[in-house]
Amino acid sequence: SYISQTQIDGNRLAPVVRFLDLEDSTSVLSGFTIKNGKGLASPSGSGSWNTDYDWGGGIYIAGGSPNINNLIITNNEADFGGGICIVGSDLTDIWKINNIQFQNNLATYSGAGIYLGYIYNELIIFDEMTFSSNFALGSSGEGGGGIFVERLYDCNLHIENSLFDGNQSVINDGGAILMSHSVDSLKIFNTVFVNNSAGDWGGAITEYYDGFVDIQN
């Protein structure tokens, strides 16, 4: 397909794509393969983050909600968010991200496919997503081979019409999804989990502390 043939290669130097200036839906990333990115500590711009770790191998989003869809995100790596890192959004809005394939991404700690954290006042919808063979190495309290979610405030995450296949939290919890210190809800609709595994708790899903998980169909 044109998506697999139209590639942006990070050459293991930095995140392939960065959104740092509160971009909204008028900023569009669609129709590409994003590959071989490597996370950076606190990328420059308004969305600077924790300097002790590397964030967002494929795509780094700080404080905004760009329109991202119809992508293949593959062979990227970071400490947090091998495929995508999304942090610090506070937009009081509905943000839908759809039709993205995450393949063979690596997180040293959490969220080999997606790291999602410190989000306020939003409904985030992941629709028609595929997570396959993503690996989070993890440590105590870390993991999430497909998605790692932490600290959502007055915020809900919906995962719809998606597939998690062969993802792994190698040492710790949440082979497909790990939800940690999240005070609102995760709702999962019409989604398949198969062949995911964890070194400890929850081959498919683990939820720590506060939070609510609702799975339907």
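Preceding this section is the structure that the text describes.
Residues numbered from 1 in each chain as written. Predicted model: local features only at pLDDT ≥ 70, side-chain atom pairs only at ≥ 80, totals over all residues. Heavy atoms only, no water.

**Q** Which residues make up the environment of Arg18, and what values go with them?
**A** Topologically, Arg18 is positioned in strand β2 (residues 17-19). Taking the C-alpha atoms as reference points, Arg18 and Ala62, separated by 44 residues in sequence, lie 8.3 Å from one another. (Helix = DSSP H or I, 4+ residues; strand = E, 2+ residues; numbered from the N terminus.)

**Q** Account for the environment of Ser139, naming residues and giving values.
**A** Its place among the elements puts Ser139 in the loop between β13 (135-136) and β14 (147-153). For Ser139, a relative accessible area of 26% corresponds to the partly exposed category. C-alpha separation for the pair Ser139 and Asp93, spaced 46 residues apart in sequence, amounts to 33 Å. The residues contacting Ser139, other than those within four sequence positions of it, are Tyr109 and Asn172. (Buried < 20%, exposed > 50% of the residue type's maximum accessible area, 1.4 Å probe, protein only. Contact = heavy atoms within 4.5 Å.)

**Q** Tell me about the nonpolar core, and please be specific about residues and values.
**A** Counting residues in hydrophobic clusters, the biggest one holds 35 residues, and the most contacted among them are Ile59, Leu116 and Phe126. Sorting elements by how many residues they give to this core places strand β11 (residues 114-127) first, with five residues. Ignoring any residue separated from it by four or fewer positions in sequence, one finds Leu116 in contact with Ile86, Ile124, Phe126, Phe148, Val149, Glu150, Leu152 and Leu157. (Core = buried A, V, L, I, M, F, W, Y, C linked by side-chain atoms within 4.5 Å.)

**Q** So what about the packing of aromatic side chains? Which residues, and what values?
**A** Summed over the entire model, instances satisfying the criterion amount to 11 aromatic pairs. Ring centres of Trp55 and Phe80 lie 4.7 Å apart, and the angle between their planes is 20 degrees; this geometry places the pair in the stacked category. Remark: Phe80 occurs in strand β7 (residues 77-80) and Trp55 occurs in the loop between β4 (33-35) and β5 (59-62); sequence separation between them is 25 residues. Note on accessibility: Trp55 and Phe80 belong to one class, buried. Between Tyr120 and Tyr153 the ring centres are 5.0 Å apart and the planes differ by 25 degrees, which places this aromatic pair in the stacked class. Of this pair, Tyr120 sits in strand β11 while Tyr153 sits in strand β14, and the two are 33 residues apart along the sequence. Judged by relative accessible area, which is 32%, Tyr120 ranks as partly exposed. (Phe/Tyr/Trp six-rings, centres within 6.5 Å; stacked < 30°, edge-to-face > 60°.)

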